[in-house]
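Overview (structure and organization)
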Amino acid sequence: TRYPDSVGYGAALSPDGEQLAWFENGSLNVTEVDGSGTARIYFDSLGPVLSEVAWSRDGGSVAYVSYFFSQTTGAPQDIRLWTRRFSDGFARPVATISSIPDALAWSRDAKWLTFITAAGEIHRVRTDGAGPEQVVYGGGTAPARSSSWGPGDSLLAIATGSGVLLVRPDGTGARTLVSGKFALEFAAWRD
């Protein structure tokens, strides 16, 4: 299958494997992997940087990040995590955070998002924007690379580069599932 030339870093495959989404020039691009077409959802080409697309489990929404670069320091500022429904275009600001997150992951019930901070920690926020940002995994000597919500949202699998940890979504009960000299970037659950 041939993808458009603009598909680059940060593209995310839909849960059903039929669409690919990414940001380019102020638009969210959603293309059919069979090559049958691309839809562009315009945001603002002169506005914030938009990145980190993550699909909800049902494919009906995406989460993403917006931020601006400071004109005086060049540092990212006003970093926000959003969700957007495809059915009606409703965009909800979920949280304002301190650093650009990586590896956004939706809970299966679509009530939570986890992400990785610059320090390699896993944080979670509610998708309805209520409540505080919470630390689920502190990173320490094994910074997180990705997280994946398990069946029933009762556990998170966290890839640390050299292993996989299992932890409850509130950060308790951490245990090592796999460890060794690996180069693990992603952990996932089989349905």
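Before reading further, recall that the structure is shown in the block above.
This write-up is about the structure you can find in this document.

Cut-offs used in this document
Residues numbered from 1 in each chain as written. Predicted model: local features only at pLDDT ≥ 70, side-chain atom pairs only at ≥ 80, totals over all residues. Heavy atoms only, no water. Helix = DSSP H or I, 4+ residues; strand = E, 2+ residues; numbered from the N terminus. Rg over C-alpha atoms; globule rule 2.2 N^0.38 Å. Buried < 20%, exposed > 50% of the residue type's maximum accessible area, 1.4 Å probe, protein only. Contact = heavy atoms within 4.5 Å. Areas by Shrake-Rupley, 256 points an atom, 1.4 Å probe, with all protein chains shown as cover. Lys, Arg positive; Asp, Glu negative; His and termini not counted. Charge placed at Lys NZ, Arg CZ, Asp CG, Glu CD. Core = buried A, V, L, I, M, F, W, Y, C linked by side-chain atoms within 4.5 Å. Salt bridge = Lys/Arg side-chain N within 4 Å of Asp/Glu carboxyl O. Pairing = 2+ DSSP bridges.

With that out of the way, let us pick up the overall build of the protein. Of regular secondary structure, the protein possesses zero helices and 16 strands. A compact globule built from 191 residues should have a C-alpha radius of gyration of about 16 Å, and the protein, at 17 Å, falls within 12% of that. Taken across its 191 residues, the protein has 41% of its residues classed as buried. Once local pairs closer than 6 in sequence are excluded, the contacts in the protein between residues at least 24 apart make up 33%. When the accessible surface of the protein is split by element, carbon and sulfur atoms take 50% of a total near 10,200 Å². Each charge class in the protein was averaged separately, 16 positive and 20 negative side chains, and the resulting centres sit 6 Å apart.

Below, the discussion takes up the nonpolar core. Formed by 14 residues in total, the largest nonpolar core has its most connected members in Ala-63, Val-65, Leu-81, Leu-104, Leu-113, Phe-115 and Val-125. Those elements that place two or more of their residues in this core are strand 6 (61–69), strand 7 (76–85), strand 8 (91–97), strand 9 (102–106) and strand 10 (112–116). Look past the residues within four positions of Phe-115 in its chain and what remains in contact with it is Leu-81, Ile-97, Pro-101, Asp-102, Ala-103, Leu-104, Glu-121, Ile-122, His-123, Val-125 and Glu-133.

Our next topic: the pattern of salt bridges. Here the idea is simple: oppositely charged side chains can pair when their charged atoms come close. If you walk through the whole model with that rule in mind, you get five salt bridges. Here Arg-85 ties to Asp-88 by a salt bridge, and the two come within 2.7 Å at their closest N and O atoms. Owing to a relative accessible area of 34%, Arg-85 belongs among the partly exposed residues under this scheme.

This next bit is on unusual backbone geometry. Apart from glycine, the bulk of residues carry a negative phi angle, and the bulk of peptide bonds sit in the trans form. With a phi angle near 55°, Ala-103 is a residue other than glycine that sits in the positive phi range. Position of Ala-103 among the secondary structure elements: in strand 9. Phi is positive for Asp-153, close to 55°, though the residue is something other than glycine.

On to the sheet that holds strand 2 (residues 19–24). Strand pairing in a sheet relies on backbone hydrogen bonds, with the paired strands running either antiparallel or parallel. The four strands lie next to each other as 1-2-3-4, forming an open sheet whose pairing is antiparallel. At either end of the open sheet lies a strand with only one pairing partner, and these are strand 1 (12–13) and strand 4 (38–42). Here six bridges tie strand 2 to strand 3 (residues 27–32), and the two strands are oriented antiparallel to one another. Its bridge partner lying in strand 3, Phe-23 is registered against Leu-28.

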